[in-house]
Amino acid sequence: MMNMRRLLAYTNHIVPSLLALAVCLFSGCQKSVVPEEHETEDYISFGGKADGKYDVKSGDGTTPNLVTTELLKKDSFGIFGYKSFDDKTGFTNVFSTDKAQEVYWDKKLNDNKGAWTYTPKQKWTRSMHYRFRAVWPYKPENIQTGSSANCLSVTYSSFEEDYDLMVAYATRWPLQDGVDPVTLNFKHALAGLRFKIKFAEGITESDNLTDFYITGIYPKGQLFYGFGLNASVTKDGEGGTETGTTKVDDGLIVWECGDNTFSVSPQFHWQSTQTGEAVKPFGGESQAAANVYFTETAGTTGGKTADGAALIVPQILSSKPGMETYVNFYTVNGGSALHKAELPKTELKPGKIYTFTLTINSPQITINVDIQDWKEINSNVDIIL
């Protein structure tokens, strides 16, 4: 029979090992103990990818570029992270700051192939639920106090800013989903404007556009991205009006524009005298159109590829009397005569391109609008988190 001393020694040796094994099994542990410097798969790390190119017009008429893989690397992005045991309460910050964590491209990393990085590095807690909310580019002065992984708030002014604005949201539960990189699918937070000027059918006159600009818009707005909490909603149905709560889409983009920011100053001023620009002909027997803020390139299969847009804070154009939105332009034949037309009341939504066609008849101008999704021009960006 085993004596008491040997039994205690046996127990002291075996029981801790069994407990450690149980903890490992129930916590999803799948690897042996290694030195911390080799546990790189447990760190929240970054990679990046972007496809497509898309030229956009800034408020002063210059032409910055929409994000591509290489352009993306020239600016940092800011990201907020939360983690929680139940994904509902008790959120704590993933990163070491309650402000946006800056993530930047370091071309010296990964054997000089480059990689996204930040400091200090953070490790996954496998049992926690994670959520991430990001904005590109990283402009800390525009990120509003109180922003978090639940709701991000950013300001943008087309009078002052000349870049594409993109946001992304993603979640991860490492215990179930693993610790592979998390993909952030960035989407466009702004709207795009394009204009075509042409003569009505039957008019064979030709002319050249020399100046074009917009007046009567909200150049500045505040974005709220992701309201994660319950919101009050009212529904009207056959049984009467019902008020309740519902979970709002975590990817919801809402813009607020104060009436005091409405401006009648010229915006997105295009001139044929700008560097690299020439007069834009329209009309004639070919019924050509002058494209403003974008160009069209004929494809090999007969189609056309459109590049360019004026980026604007999503808003309602010509929202109400006294706040009308106008396009203004001059032509060679018109000389000093200003052509002016009010745009129809149009709600601009994030990630949409709006093409207004201005058709010149003898005494008037008629306007039509075409709307397309931004994704049709392959300009979304995937970031690997």
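Above this text is the structure in question.
If you're wondering where the values come from, they're calculated on a predicted model, not measured in any experiment. (Residues numbered from 1 in each chain as written. Predicted model: local features only at pLDDT ≥ 70, side-chain atom pairs only at ≥ 80, totals over all residues. Heavy atoms only, no water.)

A. Focus on the overall build of the protein. Per the secondary structure count, the protein includes 4 helices and 28 strands. Evaluated residue by residue, the protein yields a buried proportion of 43% over its 385 residues. Taking the contacts inside the protein whose residues are at least 6 apart along the sequence as the reference set, 69% of them involve residues at least 24 apart. Total accessible area on the protein stands at roughly 20,700 Å², and carbon and sulfur atoms take up 50% of it. (Helix = DSSP H or I, 4+ residues; strand = E, 2+ residues; numbered from the N terminus. Buried < 20%, exposed > 50% of the residue type's maximum accessible area, 1.4 Å probe, protein only. Contact = heavy atoms within 4.5 Å. Areas by Shrake-Rupley, 256 points an atom, 1.4 Å probe, with all protein chains shown as cover.)

B. Region of interest: the pattern of salt bridges. Per the counting criterion, the structure on display carries 4 salt bridges. Here Lys196 makes a salt bridge to Glu296, at a shortest N to O gap of 3.6 Å. Here the residue Lys196 occupies a position in strand E10 (residues 191–199), and Glu296 occupies one in strand E19 (residues 295–298), the gap between them amounting to 100 residues. Here Lys196 falls in the partly exposed class, since its relative accessible area comes to 24%. Here Lys320 and Asp259 are joined by a salt bridge, their closest N and O atoms 3.6 Å apart. One end of the pair, Lys320, is in the loop between strand E22 (316–317) and strand E23 (326–331); the other, Asp259, is in the loop between strand E15 (253–256) and strand E16 (267–271), with 61 residues separating them in the sequence. Judged by relative accessible area, Asp259 falls into the partly exposed class, the value being 45%. (Salt bridge = Lys/Arg side-chain N within 4 Å of Asp/Glu carboxyl O.)

C. Representation of unusual backbone geometry within the structure. The residue after Thr119, namely Pro120, is reached through a cis peptide bond having omega 0°. With an omega of 0°, the peptide bond running from Trp136 to Pro137 counts as cis. Structurally, the position occupied by Pro137 is in the loop between strand E6 (129–136) and strand E7 (152–157). Positive phi, close to 65°, is recorded for Asp87, a residue that is not glycine. Residue position: Asp87 is located in the loop between strand E2 (77–84) and strand E3 (92–93). Take Asp87: its relative accessible area is 28%, and that puts it in the partly exposed class. Of note in the backbone geometry, Ser318 takes a positive phi value of approximately 45° without being a glycine.

D. Structural view of the sheet that holds E7. Pairing is antiparallel across the open sheet formed by 3 strands, whose spatial order is E7-E12-E15. Each edge of the sheet is formed by a strand with only one pairing partner; in this case those strands are E7 and E15. Here the strands of the sheet are splayed against their neighbours by 25° on average, with no regard to which way each runs. Both strand E12 (residues 220–225) and E15 contribute to a ladder of 4 bridges, which runs antiparallel. Across the sheet, Phe224 pairs through a bridge with Val254, a residue of E15. (Pairing = 2+ DSSP bridges. Axes fitted to C-alpha atoms, helices over the stretch in contact; angles between N-to-C directions.)

E. Up close: the environment of Asn185. Among the structural elements, Asn185 can be located in strand E9 (residues 183–188). A C-alpha to C-alpha distance of 8.0 Å links Asn185 and Ala170, two positions 15 residues apart in sequence.

F. Inspection of the side chain of Thr357 at higher detail. Structurally, Thr357 can be placed in strand E26 (residues 352–360). On the basis of relative accessible area, Thr357 is assigned to the buried category, the value being 17%. Residue contacts for Thr357: discarding those within four places in its chain leaves Lys196, Lys198, Thr366, Ile367 and Asn368.

G. Layout of the pairing of strand E11 (residues 206–215). Counting buried residues along E11, 8 of its 10 residues qualify, which places the element largely inside the surrounding structure. Bridge count for E11 against strand E17 (residues 280–283) is 4 bridges, and the pairing is antiparallel. Paired with Leu209 across the two strands is Lys280, which belongs to E17. As paired elements, E11 and E23 share 6 bridges and run antiparallel to each other. Considered in E23, the bridge of Asp211 is made with Tyr330. Note that E11 and E16 share 3 bridges and pair antiparallel. Across the sheet, the residue bridging to Ile214 is Gln267, located in E16.

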